[in-house]
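Architecture at a glance
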Amino acid sequence: MNFFYYLKETDKAKKSLEASRLIIENINQFAKGAPIHGVFRDLIFTIDGCILSLDEKTHTTNEKLKDLGHKVNLMLIKGGLTISDMKFS
């Protein structure tokens, strides 16, 4: 997403964020009550912040996109441990 932003392809960045948000929402529906539910909710809020920042063309957009990437990377690292012990209904 950040590369679209650097290429001034704001519409593509926004569509990519919206598609990612939808995937996370769908996954989060199955994680209700599980420890990871709050993490997904926070990730959705971060994605929403990025989308709003793209819409408003704020000077903090780049930092918000970097923060999102950092959160996703941490989720990938920690997620394997969390999901391996979790059962989905």
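This one's a predicted model, so the numbers in the text were calculated from it and none came from an experiment.

Here the focus is the overall build of the chain. A count of helical and extended segments in the chain gives four helices and zero strands. If you list the helices and strands of the chain from N to C, you get α-α-α-α. Within the span of the chain, comprising 89 residues, buried residues form 28% of the whole. Excluding contacts between residues fewer than 6 apart, the proportion of contacts in the chain whose partners are at least 24 apart in sequence is 56%. With the model as given, the accessible surface of the chain reaches about 6,200 Å², and the carbon-plus-sulfur share is 60%.

Next up on the list: the pattern of salt bridges. All chains considered together, the criterion is met by five salt bridges. Taking the shortest distance from any N to any O, the salt bridge between E25 and R21 comes out at 2.0 Å. Pair noted here: E25 and R21 are both in helix α2 (residues 10-29), with a separation of four residues, about one helical turn. For R21, a relative accessible area of 22% puts it in the partly exposed group.

Counted at 1.5 Å a residue, the expected span for helix α3 (residues 37-56) with its 20 residues is 28 Å, and the 29 Å between its end C-alpha atoms agrees. Positive phi appears at K57, one or two residues downstream of α3, with a value of about 55°.

The next thing to look at is the environment of T46. As for its placement among the helices and strands, T46 is situated in helix α3. Along the chain, T46 and K64 lie 18 residues apart, while their C-alpha atoms are 7.7 Å from each other. Not counting chain neighbours up to four residues away, the residues in contact with T46 comprise D67, L68 and K71. Within the structure, T46 has its side chain in polar contact with the side chain of K71 (distance 2.8 Å).

Thresholds, definitions, all that
- Residues numbered from 1 in each chain as written.
- Predicted model: local features only at pLDDT ≥ 70, side-chain atom pairs only at ≥ 80, totals over all residues.
- Heavy atoms only, no water.
- Helix = DSSP H or I, 4+ residues; strand = E, 2+ residues; numbered from the N terminus.
- Buried < 20%, exposed > 50% of the residue type's maximum accessible area, 1.4 Å probe, protein only.
- Contact = heavy atoms within 4.5 Å.
- Areas by Shrake-Rupley, 256 points an atom, 1.4 Å probe, with all protein chains shown as cover.
- Salt bridge = Lys/Arg side-chain N within 4 Å of Asp/Glu carboxyl O.
- Expected span 1.5 Å × (residues − 1).
- Polar contact = N/O pair within 3.5 Å; in protein donor to acceptor, adjacent residues only side chain to side chain.

Just distances and angles here, no functional claims.
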